[in-house]
Amino acid sequence: LQWNITLAWGYQTGAGRHPDRAAIVDDDGVLTYRQVHERTDRLAHAFRAKERIGLLCRNHRGFIETLTACTKVGADAVLLNTGLSKTQLAQVAQDQEIDRFVADREFADALPDLPVVFSDELESLILNGPTTSLPRRPPRGRLIILTSGTTGTPKGARRPEPASLAPAAALLSRIPLRHGDVISITSPLFHAWGLAAFQLGLVLGATLVLRRKFDPTQTLKDAEKCTAMFVVPVMLQRMLETPHRPKLRIIASSGSSLPPRVATRTLEEFGPVLYNLYGSTEVSWASIATPEEMLADPGTAGQPPLGTRLAIVDDQGKPVAPGETGRIFVGNEMLFDGYTNGTSKESLNGLMSTGDLGYLKDGLLFVAGRDDEMIISGGENVYPREVEDLLSTLDGVTEVAVIGVPDDEFGQRLVAFVVGEETLTAEHIREHVKANLARFSVPRDVFFLDELPRNAAGKVLKRQLREQG
Ligand code: ATP
């Protein structure tokens, strides 16, 4: 979705069509479409065309209003992960040439030495903001999203500006969202998934329900008044640990792989309402699995949505046979414009690499994991996700991550990190893998942790585990 059009005109159109409908419900209350439109007109005067704003906020009205105000004057916005360290923030500020921050005060100590507007100051900027009119055709600002940085320093990804509503059509071709839905967005708005949820909600004239901090009990309580919930897998997993099961029409999960056990439990306990979206900041949606597809096989990432092509190829770029694992390439109107450092992802006949490995079975996609996470042990290829999915079905295991570490004898050896009941033993874990998978898939070392290190978008930080392993 062309972000500036969606945001600026989305609230303006909403203010015209359904002015009194709630646009945002957050920890501070409710704002209608008319209010968001009028408030962001006032707030826009606080920003300048071409100024580059670094946005470091949790999920609340201030995030959405700042972003919308930026579009109204043509300022650039860089969405920052709230989990970035002081050093990473300084690096990103320099790389992305940030002029000013809009940040939550809790992150004050991590900010580099640049001008900042704290989000608790936005309300007075809005109340005292001029009502003079804004430029009718502001220059087009840029929106920069950072990749998760799971593989190193976060990279800035420039969003494309497609001329059509193709991205919304793609999503709606597989997920039955409706006009006026009430959507709880638990995934962070700075991540491509949360941002997409927010933009799509706006196009649908939806009510967006946001919370500064994720709390499974609160989210499920909120969900009683919602029709849809957008989550990342780890949040879904946490919600499954609490007893409440509100009736929802849609639970959409994305951002990282959905463990089959979590998919199955969600389908059993919430009903056939779960959708699994596979994609990345760079390629947007590659495939979406419907509840029916996951009831047939909970591990699937489904099929490409409308307007998307998939190819699974070998190292030479040749298509592999169905069922064979290869590199996943994607083509659609939503491919990104390249990283801000001038590099891009590998392309092949108009399709872009996702950096992931996977295979197709009966027309359904299965994602084996990231290309760079594949382990070669004793000359055999091991896909950590296969071992992780298996172990997550073992009684007493809550979470598991498998990595490869250098080994003198085998090149690499497998190490498993397990979170679960105290009665679990390394021997038990290894026996379970031995009984179900090939010998070379058995982790040599097993470490038990209280929790897995994750970034703010809920993704396991395997780089950090590698340092421990
Ligand atoms: P970086 O490139 O900085 O390490 P990242 O690739 O983790 O960051 P994202 O764009 O947030 O950044 O993540 C996309 C990746 O997440 C995909 O390439 C894939 O590996 C994984 N992923 C996302 N959704 C799913 C899903 N539904 N099933 C399986 N894997 C998924």
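Criteria and cut-off values
- All residue numbers here refer to positions counted from 1 along the written sequence of the relevant chain.
- Thresholds applied to this predicted model are a pLDDT of at least 70 for local features of residues and 80 or more for the giving and counting of side-chain atom pairs; totals over whole chains, interfaces and linings are not thresholded and use all residues.
- Side-chain numbers here rest on the full set of heavy atoms in the structure, without hydrogens or water.
- Numbering goes from the N terminus for both helices and strands, where a helix is a DSSP run of H or I of at least four residues and a strand is a run of E of at least two.
- Residue exposure (1.4 Å probe, protein chains only): buried if accessible area is under 20% of the type maximum, exposed if over 50%, otherwise partly exposed.
- The contact criterion used is simple: two residues touch if any of their non-hydrogen atoms lie within 4.5 Å.
- As used in this structure description, the phrase polar contact means that two N or O atoms lie within 3.5 Å; if the pair is within protein, one of them must be able to donate a hydrogen and the other to accept it, and residues adjacent in sequence are counted only when both atoms belong to side chains.
- Arc, as used here, means the arc of the directions from the helix axis to the C-beta atoms.
- Here the bounds of each domain stem from an automatic or database domain assignment.
- Summed over both partners, the accessible surface that disappears when two parts come together, traced with a 1.4 Å probe, is what is meant by buried area.
- Each reported salt bridge corresponds to a side-chain nitrogen of Lys or Arg within 4 Å of a carboxyl oxygen of Asp or Glu.
- To obtain an axis, a line is fitted to C-alpha atoms, over the contacting stretch when the element is a helix, and the angle between two such axes runs from 0 to 180 degrees between their N-to-C directions.
- The crossing is said to be left-handed when, going from far helix to near helix, the turn is anticlockwise and less than a right angle, and right-handed when the turn is clockwise.
- Classification convention: Asp, Glu, Lys, Arg as charged; Ala, Val, Leu, Ile, Met, Phe, Trp, Tyr, Cys, Pro as nonpolar; all other residues, Gly among them, as polar.
- Cysteine sulfurs are considered disulfide-paired once they come within 2.5 Å of each other.

A. The arrangement of the environment of Glu 269 in detail. Structurally, Glu 269 can be placed in helix H10 (residues 260–270). Taking the relative accessible area as the measure of exposure, Glu 269 reaches 30% and is therefore partly exposed. Considering only alpha carbons, one finds Glu 269 and Pro 246, 23 residues apart in sequence, at a separation of 9.7 Å. Non-local contacts of Glu 269, meaning those with residues more than four positions away in its chain, are made with Leu 240 and Arg 245. Polar contacts involving the side chain of Glu 269 include one to the side chain of Arg 245, which spans 2.7 Å.

B. Just helix H13 (residues 426–436), in detail. Along H13, the positions that sit buried rather than exposed are Ile 429, His 432 and Val 433. All buried residues of H13 lie within an arc of 95° about the axis, which places them on one face of the element. Facing away from the buried side of H13, by more than 90 degrees, are the exposed residues Lys 434 and Ala 435. If you follow the buried residues of H13, they end up packed against helix H12 (384–391), strand S22 (397–407), strand S23 (411–420) and strand S24 (445–448).

C. Molecular detail of the domain arrangement of the protein. The assigned domain composition of the protein is domain 1 (3–146), domain 2 (167–371) and domain 3 (374–468). Between domain 1 and domain 2, the C-alpha centre-to-centre distance is 26 Å. Counting from both sides, the interface comprises 33 residues of domain 1 and, opposite them, 27 residues of domain 2. Across the domain 1/domain 2 interface, buried area totals approximately 2,600 Å², and carbon plus sulfur atoms make up 58% of it. Linking domain 1 with domain 2 are 2 salt bridges, by the criterion used here. Residue Arg 211 pairs with Asp 27 through a salt bridge whose shortest N-O separation is 2.8 Å. For the interface between domain 1 and domain 2, the tally reads 12 residue pairs in polar contact (both at pLDDT 80 or more).

D. Spotlight on H12. Within H12, 7 of the 8 residues are buried, which leaves it mostly tucked inside the rest of the structure. Of all the positions in H12, only Pro 384, Arg 385, Val 387, Glu 388, Asp 389, Leu 390 and Leu 391 are classed as buried.

E. Quick look at the packing of helix H2 (residues 33–44) against helix H3 (residues 61–73). Taken N-terminus to C-terminus, the directions of H2 and H3 make an angle of 60°; their axes are 8 Å apart at the nearest point. For the pair H2 and H3, the crossing hand works out as right-handed. Along its contact with H2, which presents Val 36, His 37, Arg 39, Thr 40, Asp 41, Leu 43 and Ala 44, the element H3 presents Arg 61, Glu 65, Thr 66, Thr 68, Ala 69, Lys 72 and Val 73. Among the residues forming the contact of H2 with H3, the class breakdown is 5 nonpolar, 4 polar and 5 charged.

F. Geometry of the state of the cysteines. Applying the stated criterion across every chain, the model contains 0 disulfides. Among the cysteines around Cys 57, which has no disulfide bond, Cys 70 carries the closest sulfur, lying 11 Å off.

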